[in-house]
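These are the residues of each chain, in order.
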Amino acid sequence: MAILNWMKRQPPAPATVPEHLAATEEGHGAMLGGLNFMMAIDFHMKWKSRLESYIQGDSKEELRVDEVCREDLCELGQWIYGQGGEHFSRLDTFGEMRVQHAQFHACAGKVLAVARLGRKEDALRMLQQGDYVRASERVKMLLAKLYVQIAEKQ
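Residues numbered from 1 in each chain as written. Predicted model: local features only at pLDDT ≥ 70, side-chain atom pairs only at ≥ 80, totals over all residues. Heavy atoms only, no water.

**With respect to the packing of aromatic side chains**
Inspection of every chain in the model, using the stated rule, returns five aromatic pairs. Geometrically, the ring pair formed by phenylalanine 104 and tyrosine 132 is tilted, given 5.3 Å between the ring centres and 45° between the ring planes. Of this pair, phenylalanine 104 sits in helix H7 (residues 92-116) while tyrosine 132 sits in helix H9 (residues 131-153), placing them 28 residues apart in sequence. On the basis of relative accessible area, tyrosine 132 is assigned to the buried category, the value being 3%. Members of the aromatic cluster, joined through ring pairs, are Phe37, Trp79, Phe88, Phe94 and Tyr147. The positively charged end of arginine 50 is found above the aromatic ring belonging to tryptophan 47, 4.1 Å away from the centroid. (Phe/Tyr/Trp six-rings, centres within 6.5 Å; stacked < 30°, edge-to-face > 60°. Helix = DSSP H or I, 4+ residues; strand = E, 2+ residues; numbered from the N terminus. Buried < 20%, exposed > 50% of the residue type's maximum accessible area, 1.4 Å probe, protein only. Lys NZ or Arg CZ within 6 Å of the ring centre and 35° of its normal.)

This is the structure in structure tokens:
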């Protein structure tokens, strides 16, 4: 249950840490089935800061809608469609997490698309409430649940 306690203690993620750099910094000890679950949760929590920074014009990162909306490009997505799917696709939680992860990226892509149209306030509102928030929370919850299920089988 350490992963659930860890999730509760996490402060808002800094907007300036790119996902690929954050992978080496923390989250040790939650590696199961080829995925560091704490790191995967942390990466998805940081999407909000990354998008917000982009919307506010503070980001040096060039986010593209056609990439952000794809669930198979991030580390979690690569695990889902690779090693994770090979070993855990029979678990109902895995299938539900896969669907919610795709929904999360679709929502993130919509937020970015609205921001790129110059509708800053609308994009920020989407980031703070509605489908994006629900999808983000579901991914985190399902990752924690899947971690517990896999750990219990080991």
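Having seen the model, we can carry on.
**Some remarks on the environment of phenylalanine 94**
Tracing the chain through its elements places phenylalanine 94 in helix H7. Taking the C-alpha atoms as reference points, phenylalanine 94 and tyrosine 147, 53 residues apart in sequence, are found 9.8 Å from one another. Sequence-distant contacts of phenylalanine 94, that is, excluding residues within four places in its chain, are made with Trp79, Ile80, Gly84, Gly85, Phe88, Ser89 and Leu146. (Contact = heavy atoms within 4.5 Å.)

**Let's talk about H9**
Think of an α-helix as 3.6 residues a turn; residues three or four steps apart then line up on the same face. In a regular helix each residue adds 1.5 Å, so 23 residues correspond to 33 Å; H9 covers 33 Å between its end C-alpha atoms and thus fits that length. Within the sequence span of H9, burial applies to Tyr132, Ala135, Ser136, Val139, Lys140, Leu142, Leu143, Ala144, Leu146, Tyr147, Val148 and Ile150. (Expected span 1.5 Å × (residues − 1).)

**Observations concerning the pattern of salt bridges**
All told, the structure shown has 10 salt bridges when counted by the stated rule. A salt bridge links glutamate 62 to arginine 116; the nearest nitrogen and oxygen atoms lie 3.2 Å apart. Of this pair, glutamate 62 sits in the loop between helix H3 (37-56) and helix H4 (65-68) while arginine 116 sits in helix H7; the two residues are 54 residues apart in sequence, bridging distant segments of the chain. Taking the relative accessible area as the measure of exposure, glutamate 62 reaches 54% and is therefore exposed. The class of arginine 116 is partly exposed, set by a relative accessible area of 44%. Here the residues in one salt-bridge network are Arg64, Asp66 and Glu67, joined through shared partners. (Salt bridge = Lys/Arg side-chain N within 4 Å of Asp/Glu carboxyl O.)

This is a description of form; function is not addressed.
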